[in-house]
Amino acid sequence: MANRLSEEEQDLHHMKSAAAEFYRLKRVPQELERALNQLFIHRPEDVHGYLADYFKKLCAAPRISRLRGKEVYDARGQLSIEAEVCCIVCNKEKSMSSAAVSSLSGPKEALLDQQRAADVRTAAQWINEPLSSMLKGTNPCEQSEVDHMLSNFFMVRYLEDKDIQNKEKEELGPPSEPEVVPSSPLPTPSKDKKSVDKGKKSTTAEKQFPPAEPPEAVLPGSLAIGSVSLAVARTGAKIQGIPLYRYIAALKNREDPTQFHIPVPLITLLSCGKTSTGKLSLLEEVILIPKAGQQVKQIITKTLELQKEMMRIMNTSTKHGAQAVLCDSGVLAVSYERPEQPLDLITEACSNSGLALGTEVQLALNCAAPELMDYTKGKYEIATGVLKTPDELVDMYQTLVSKYPAVVALIDPLRREWEKLSNVIGDSCLLLSDITYKAKAPPLPGVRGHILKHTQETTVSDLICITSEHKGSVMMMTTCSEPCSDDSLSDIAVGLGLDFVKLGGNPGLQGEAPPPPLFRERAVLNTDTAHSFGCA
């Protein structure tokens, strides 16, 4: 019995020694003493609450424990992927944040349902397995490190996919000689002079027209990269207890800024692009640019009133000869034949609503002209059966801007002939190019601003890098079918210090339209002066 007690005493002694060594290494006695001293000095009413807050500050930094990829439906009812970040916080696993980015298959290209489902499944598999294992134990506040790991992962998968495609091409044998498409012949004299400039001879047809660039390859599953990057950024902001826009601004400026620039929010009024039912294809979007300095709720209310007046005019008048379909995102899809028609409609609606077009509100036209190129003829098909050479299209833009001075910006008005257009209207109209899929391409001559979308494999660090390198105005943009309801877009735009942010359509056309959460906080932000479109 004595031997047994002796063994128990020895075990207890060893346990006490091990505990004392553990406490010594973890500096527990010192921290307890410091906590009790602070507790006595402050003498709070809630003693245990004070101690809980004190020791919480001593907790280890959260670390990513796992990622979860979930199939969700976006604002357009299309299948997409959402990335969720879970971390170990105070020795417990906790869901920190989640995010999703736009699921575009490529420049202006829509996915079939089966393709989209396959891409989303691949993205979910990436998130739940390799990406989750790769980021396990990583500090979510190390955004550049996380994004570097994500980009490397994507590049490995991209090169693997490229090797597979090359092997498949080799197995199929060498391709047959492609048929050489001659440049357009010289136009023969015709009585129809509508497509010929007055007093000029078109020389564009004599030039060899550059061939179409190969479409950007989009790797299935790449949606996971952008979603995880944004979810990690949200997690980092939550851990630091600051809004996402302040967190992104600190990443870009390498310090926490004291002032923020609120970008001017733009809203899509009309859509007359290729997907509309009318003949006109040129104007994918007609975008409202409000006067700088207005509250966002005021802007959305004015836009709502203007769109309702436009619908009233189209329903009661026959002179416009157009049909309007209200998309679920709040964009009016109208069918027109000429680009002047939607601008005339907006002019009349502004006049009836008491809005001074050109001062209170201005317009930007998203032309998406590269999509309309007929490469066999070297012309742009701006409407069904209506073809324009590059020179003729430049002249048409000059006429439009002259007739409608409220048009102060053109987005992707041409494929390559930007310099000539800039020489003609650059003093009165800002020319913007979409760089979402061509951020590393050399700048086009004549371009004064850029459009950027957060899609696919674009990480938060990529957005910071792109906006730092490109000079001129930068606009964060959604597609015309996306509503202005998500706060991530506005957070990113403010954090990056962008001039403008296009929030898609106005969902308030079917009801009350609340502004995005960030802009509701505008009153509490210490902001500098908002920008306006200027070309001087």
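For every chain, the first residue of the written sequence is number 1, and numbering continues from 1 along that sequence. Thresholds applied to this predicted model are a pLDDT of at least 70 for local features of residues and 80 or more for the giving and counting of side-chain atom pairs; totals over whole chains, interfaces and linings are not thresholded and use all residues. Side-chain descriptors were evaluated using all non-hydrogen atoms of the structure, hydrogens and water having been removed beforehand.

**Q** So what about the packing of aromatic side chains? Which residues, and what values?
**A** Pairing of aromatic rings covers Phe, Tyr and the six-membered ring of Trp, with a centre-to-centre limit of 6.5 Å; geometry is then stacked below 30 degrees between planes, edge-to-face above 60, and tilted otherwise. Applying the stated criterion across every chain yields a total of 5 aromatic pairs. Geometrically, the ring pair formed by W126 and F153 is edge-to-face, given 5.3 Å between the ring centres and 85° between the ring planes. Taken together, the residues span a long stretch of sequence, with W126 in helix α4 (residues 113-135) and F153 in helix α5 (residues 143-172) at a distance of 27 residues. Like W126, the residue F153 is buried in the burial classification. Ring centres of F154 and Y158 lie 6.2 Å apart, and the angle between their planes is 25°; on these two criteria the pair is classed as stacked. In this pair, F154 and Y158 are both assigned in helix α5, 4 residues apart and thus about one turn of the helix distant. The criterion for a charge sitting over a ring is simple: Lys NZ or Arg CZ within 6 Å of the ring centre, and within 35 degrees of the ring normal. Across the ring face of F40, the terminal group of R43 is positioned such that the distance to the ring centre comes to 4.1 Å. Numbering of helices and strands starts at the N terminus; helices are DSSP runs of H or I of at least 4 residues and strands are runs of E of at least 2. In this scheme, a residue with accessible area under 20% of its type's maximum is buried, one over 50% is exposed, and one in between is partly exposed, where area comes from a 1.4 Å probe on protein chains only.

**Q** Mind laying out the sheet that holds strand β1 (residues 63-73), listing which residues take part and the relevant values?
**A** Taken in spatial order, the 3 strands line up as β1-β2-β3 in an open sheet, and their pairing is antiparallel. Of all the strands in the sheet, just β1 and β3 (92-99) have a single pairing partner and so form its edges. Strand-to-strand twist in this sheet, taken as the mean axis angle between neighbours without regard to direction, amounts to 25°. In the packing of α4 onto the sheet, the strands contacted are β1 and β2 (79-89), and the crossing angle to β1 comes to about 175°. Any pair of residues with heavy atoms lying within 4.5 Å of one another is described as a contacting pair. Fitting a line to C-alpha atoms yields each axis, with helices limited to the stretch in contact; the angle taken between N-to-C directions then spans 0 to 180 degrees. Strand contacts of helix α6 (residues 223-240): β1, β2 and β3, with the helix running at about 120° to β3, the strand carrying the most contacts. Think of it this way: DSSP has to see at least two bridges between two strands before they count as a pair.

**Q** Please set out the confidence of the model for the protein residue by residue, giving values where relevant.
**A** Per-residue confidence from the predictor is reported as pLDDT, which spans 0 to 100. Here the protein averages 80 in pLDDT, while 76% of its residues score no lower than 70. Mean pLDDT per element in the protein: helix α14 (residues 517-520) is the minimum at 48, and α6 is the maximum at 95. In the model, residues 105-110 has pLDDT below 50 throughout and makes 13 contacts with residues more than four positions away in sequence or in other chains. Counting contacts from residues 178-206, a segment whose pLDDT is below 50, to residues more than four positions away or on other chains yields 23 contacts.

**Q** I'd love a proper account of helix α7 (residues 244-253), names of residues and values included.
**A** Residues of α7 that are buried: L244, Y245, Y247, I248 and A249. Following α7 by one or two positions, R254 has its phi on the positive side, about 60°.

**Q** Requested: an account of the packing of α7 against helix α12 (residues 460-469), with residues and values cited.
**A** Between α7 and α12, the shortest axis-to-axis distance is 10 Å and the interhelical angle comes to 60°. The orientation of α7 relative to α12 falls into the category oblique. As for the relative orientation of α7 and α12, their crossing is right-handed in sense. Residue-level contacts link I248, L251 and K252 of α7 to V460, I464, T467 and S468 of α12. As a working rule, the residues Ala, Val, Leu, Ile, Met, Phe, Trp, Tyr, Cys and Pro are called nonpolar, Asp, Glu, Lys and Arg charged, and the rest polar, with Gly in that last group. Looking at the contact of α7 with α12 residue by residue, the class counts come to 4 nonpolar, 2 polar and 1 charged. An angle below 35 degrees is treated as roughly parallel, one above 145 as roughly antiparallel, one from 65 to 115 as roughly perpendicular, and anything else as oblique. Here a crossing is called left-handed whenever its near helix is offset anticlockwise from the far helix by less than a right angle, and right-handed whenever the offset is clockwise.

**Q** Outline the pattern of salt bridges, listing residues and values.
**A** Any Lys or Arg side-chain nitrogen located within 4 Å of an Asp or Glu carboxyl oxygen qualifies as a salt bridge. Using the criterion set out here, one finds 12 salt bridges in the structure. Put simply, R34 and E31 hold a salt bridge, and the shortest N to O gap is 3.2 Å. In this pair, R34 and E31 are both assigned in helix α2 (residues 28-42), 3 residues apart and thus about one turn of the helix distant. Salt-bridge contacts for E285 lead to K502; the nearest nitrogen and oxygen are separated by 2.9 Å. Here the residue E285 occupies a position in strand β5 (residues 283-290), and K502 occupies one in strand β16 (residues 500-502), the gap between them amounting to 217 residues. What makes E285 buried here is its relative accessible area of 1%.

**Q** Pulling in residues and values, what's your account of the nonpolar core?
**A** Take the buried residues of types Ala, Val, Leu, Ile, Met, Phe, Trp, Tyr and Cys, join any two whose side-chain atoms come within 4.5 Å, and each joined set is a nonpolar core. One finds L67, I127, L131, L135, V228 and M476 to be the most contacted residues of the largest nonpolar core, which totals 51 residues. Setting aside chain neighbours within four positions, we find I127 in contact with L67, R68, G69, I81, A83, S132, A224 and V228. By size, the runner-up hydrophobic cluster in this structure holds 47 residues, among which are V286, L306, M310 and Y380.

**Q** Outline the packing of helix α10 (residues 390-403) against helix α11 (residues 418-425), supporting the account with residue identities and numerical values.
**A** At their nearest, the axes of α10 and α11 sit 10 Å apart, and the two run at 25° to each other. On the basis of their axis angle, the class for α10 and α11 is roughly parallel. You can see that α10 and α11 cross each other, and the crossing is right-handed. In this structure, α10 uses D391, V394, Y397, Q398 and V401 to contact α11, whose residues at the interface are K420, L421, V424 and I425. Of the residues belonging to the contact of α10 with α11, the class tally is 6 nonpolar, 1 polar and 2 charged.

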